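What the coordinates show
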Amino acid sequence: MSAALPSVATPRASLLAIGALTFNALVWGTAWWPLRQFEAIGLHPLWTTLIVYLLAVAVIVVARPQAVGQVLRTPTLWVLMLAAGTTNAAFNWGVVIGDVVRVVLLFYLMPLWAVLLARWLLHEPLTRHAGMRVVLALVGAAIVLWPQDTLGAAGWEHLPIPRSLPDWLGVIGGFSFALNNVMLRREAHRPEEGRALAMFVGGGLVSGVLATLLAWSGQAPWPPAPAWGWVAGAGVLALIYLAGNLALQYGAARLPANVTAVVMLTEVLFASVSAWLLGGGTLSATLLLGGGLILAAALLSAFEPGPGAH
């Protein structure tokens, strides 16, 4: 997952740009399914992420070798590397072991984190619209996280906080994605290939470290012996991820930021529909209500007026 800063779009480019962004949303909204297929043959989602991202890194290095020096010489890109790596490790792990819809909705709490991070790192003001987004996101998260049988009940044990690993992964993934996007804005003057390489290296590095620690502690299996079937599948998935990244870069560079943000929200639609059809998640009334408020916060971020919007 990544983002790019928009430039002026032409009418002829708009339709293609929207199509490209929609393709990116489709890739990430349905990414849970191939990851679960790999897990079914014994490949933990963190190992899958490591392998897929290493293949993607190899493609970038061959195509743009100068990107390696850009990353090595730029410590701020290392922050982007960590943010992108945490985003992908948390998201990919969460949607495999948890309810896809729930994890994706908690991931989309990122407008809440974006307000705080933009204030801290970019010194952007806390506007009235930003405050509304924070309130909507917090109320939506409370509804999603509140234990289903105790909604509104008092007591510490009933507080709406993450209580499972998938919930925590969704929240952490959304926070790190917000940091990823803020860092992309801060480092927008850097060459695109350097930023892209940093993000893909981070995706492999963080996932690889976590997977190794889990395997050493006996909490996850080591990867199975290489076999043509799953290695080829990982290669195909790496190409799909690269295509999604390129589609995002293409679309976001040709559309206003608010249009890009709205189109990217179709990821929630793709994730929800695919999870409902393929048995990866459920749609309860409280999930729909809380999710609607979270998405409303995201929509507000797309339409906040003024040059300082965030």
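Notes on the structure in this doc start here. (Residues numbered from 1 in each chain as written. Predicted model: local features only at pLDDT ≥ 70, side-chain atom pairs only at ≥ 80, totals over all residues. Heavy atoms only, no water.)

1. Quick notes on the environment of Tyr-53
Its place among the elements puts Tyr-53 in helix H3 (residues 45–63). For the pair Tyr-53 and Leu-242, spaced 189 residues apart in sequence, the C-alpha to C-alpha distance is 9.2 Å. (Helix = DSSP H or I, 4+ residues; strand = E, 2+ residues; numbered from the N terminus.)

2. A few points about the layout of surface pockets
One number sums up the size of the second largest pocket: a volume of about 250 Å³. In this structure, the second largest pocket is lined by 12 residues; those nearest its centre are Ile-60, Arg-64, Glu-192, Ala-196 and Leu-246. The residue inventory of the lining of the second largest pocket, partitioned by class, reads 7 nonpolar, 2 polar and 3 charged. (1 Å grid on protein atoms, 1.4 Å probe; cavity = no way out; pocket = protein on both sides within 12 Å on 5 of 7 lines; lining within 4 Å. Points joined across faces, edges and corners; volume = space filled by probe spheres on them. Nonpolar A, V, L, I, M, F, W, Y, C, P; charged D, E, K, R; others polar.)

3. Side note on the packing of aromatic side chains
Counted according to the given criterion, the structure contains 9 aromatic pairs. Measuring from centroid to centroid gives 5.2 Å for Tyr-53 and Phe-200, while their planes differ by 45 degrees, and the two rings are tilted. Separated by 147 residues along the polypeptide, Tyr-53 in helix H3 and Phe-200 in helix H10 (residues 192–216) bring together distant segments of the chain. Overall, Tyr-53 belongs to the buried group, its relative accessible area being 2%. Since its relative accessible area comes to 6%, Phe-200 is described here as buried. (Phe/Tyr/Trp six-rings, centres within 6.5 Å; stacked < 30°, edge-to-face > 60°. Buried < 20%, exposed > 50% of the residue type's maximum accessible area, 1.4 Å probe, protein only.)

4. Here we look at the side chain of Ser-274
Mapping Ser-274 onto the fold places it in helix H13 (residues 266–278). One polar contact links Ser-274 to Trp-32, side chain to side chain, over a distance of 2.9 Å. Separated by 2.7 Å, the side chain of Ser-274 and the backbone oxygen of Phe-270 make a polar contact. Those residues within four positions of Ser-274 in sequence are excluded, and the remaining contacts are Gly-29, Thr-30 and Trp-32. (Polar contact = N/O pair within 3.5 Å; in protein donor to acceptor, adjacent residues only side chain to side chain. Contact = heavy atoms within 4.5 Å.)

That is the geometry; function is a separate question.
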